[in-house]
Amino acid sequence: MPTRMPVLPPVLLVLLAAGCGASPPQLAHPADQPGDQAGEQVATTLNGAGEFTTAGASAIVYDRKLVPRGAQASLTAESSGGQTITSLVVEGFRPRRAYGAHLHTAPCGKSGADAGPHYQHRPGQASADNEIWLDFKTDSEGAGRATARHPWGFDPASPPRSLVVHSETTKTSGSEAGDAGERVACLTIS
């Protein structure tokens, strides 16, 4: 016996046909979308990797006592669909030691200050919800890793440009929230 196809009401047929040929809606700038929940955003993937050197263009060390020769890092940040996942892997750092690490607004330079302030989703508040903090503790071999997940995406017009490794773990409350001590190394990301 032949299978009967269901008959769709005319209103549903019109709606389906209109949706098939329609242009996608124009979305607001991702930074204007509260929590990036208003719709899809432009997908952004940022990467950076290298061995920290004193003359490096993309991976620079500022304190050899805390970032020994041979220390290296790799970072990937993927931002799409209203969320961001950032992963950091380090090797060759001091064993069994905790470090702070954050994404910053500018590329690395000769001085740690060249990387600018912390990248913030919404300017003003230093917190793990509004910034990307990747504090890590190394194992007995000097390796460590960290991952951060956020329910918002990068502004494609001004994404973070570097990862800065700090001498201390990040303070999480009070007037010093976001502070993690001296900048000991920097990895430019793009």
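Refer to the structure presented above.
We now turn to the structure provided with this report.

What counts and what doesn't
- Residues numbered from 1 in each chain as written.
- Predicted model: local features only at pLDDT ≥ 70, side-chain atom pairs only at ≥ 80, totals over all residues.
- Heavy atoms only, no water.
- Helix = DSSP H or I, 4+ residues; strand = E, 2+ residues; numbered from the N terminus.
- Buried < 20%, exposed > 50% of the residue type's maximum accessible area, 1.4 Å probe, protein only.
- Contact = heavy atoms within 4.5 Å.
- Areas by Shrake-Rupley, 256 points an atom, 1.4 Å probe, with all protein chains shown as cover.
- Pairing = 2+ DSSP bridges.
- Axes fitted to C-alpha atoms, helices over the stretch in contact; angles between N-to-C directions.
- Core = buried A, V, L, I, M, F, W, Y, C linked by side-chain atoms within 4.5 Å.
- Polar contact = N/O pair within 3.5 Å; in protein donor to acceptor, adjacent residues only side chain to side chain.

## Thoughts on the overall build of the chain
Piece 1. In terms of helices and strands, the chain carries one helix and nine strands.
Piece 2. Counting helices and strands in the order they occur from the N terminus, the chain gives α-β-β-β-β-β-β-β-β-β.
Piece 3. Looking at the chain residue by residue over its 190 residues, the buried ones come to 39%.
Piece 4. The contacts in the chain between residues at least 6 apart in sequence include a share of 66% that link residues at least 24 apart.
Piece 5. In the structure as shown, the chain presents an accessible area of about 10500 Å², 54% of it carried by carbon and sulfur atoms.

## Structural notes on the sheet that holds strand E9 (residues 183-188)
Piece 1. In space, the five strands of this open sheet follow the order E2-E9-E8-E5-E6, with antiparallel pairing throughout. Where the open sheet ends on each side, the last strands, each with one partner, are strand E2 (59-61) and strand E6 (136-137).
Piece 2. By the bridge criterion, five bridges tie strand E8 (residues 162-166) to E9 in an arrangement that is antiparallel. The residue of E9 that forms the bridge with His166 is Arg183.

## Some points on the sheet that holds strand E7 (residues 144-150)
Two strands in a sheet stick together by hydrogen bonds in their backbones, pointing the same way (parallel) or opposite ways (antiparallel).
Piece 1. Read across the open sheet, the four strands follow the order E1-E3-E4-E7; overall the sheet is antiparallel. Each of the sheet's edge strands pairs with one partner strand only, and the pair in question is strand E1 (44-51) and E7. On average, adjacent strands in this sheet sit at an angle of 5 degrees to one another, irrespective of strand direction.
Piece 2. Two strands pair when backbone bridges link them, and strand E4 (residues 83-91) and E7 are joined in this way by seven bridges, in the antiparallel orientation.

## Let's talk about the nonpolar core
Piece 1. One finds Phe52 and Leu134 to be the most contacted residues of the largest nonpolar core, which totals 30 residues.
Piece 2. Listing elements by their share of this core, those giving two or more residues are E2, strand E3 (72-80), E4, strand E5 (98-104), E7, E8 and E9.
Piece 3. With residues up to four places along the chain from it excluded, the contact list for Leu134 reads Leu75, Thr86, Leu88, Ala101, Leu103, Ala146, Thr147, Ala148 and Leu163.
Piece 4. By size, the runner-up hydrophobic cluster in this structure holds five residues, among which are Ile60, Ala115, Val164 and Cys186.

## Observations regarding the side chain of Thr84
Piece 1. The residue Thr84 is located in strand E4 in this model.
Piece 2. Within the structure, the side chain of Thr84 is placed 2.6 Å from the backbone oxygen of Trp152, a separation counted as a polar contact.
Piece 3. Look past the residues within four positions of Thr84 in its chain and what remains in contact with it is Glu78, Ser79, Ile132, Ala148, Arg149, His150, Trp152, Gly153 and Phe154.

Geometric values such as these leave the question of function open.
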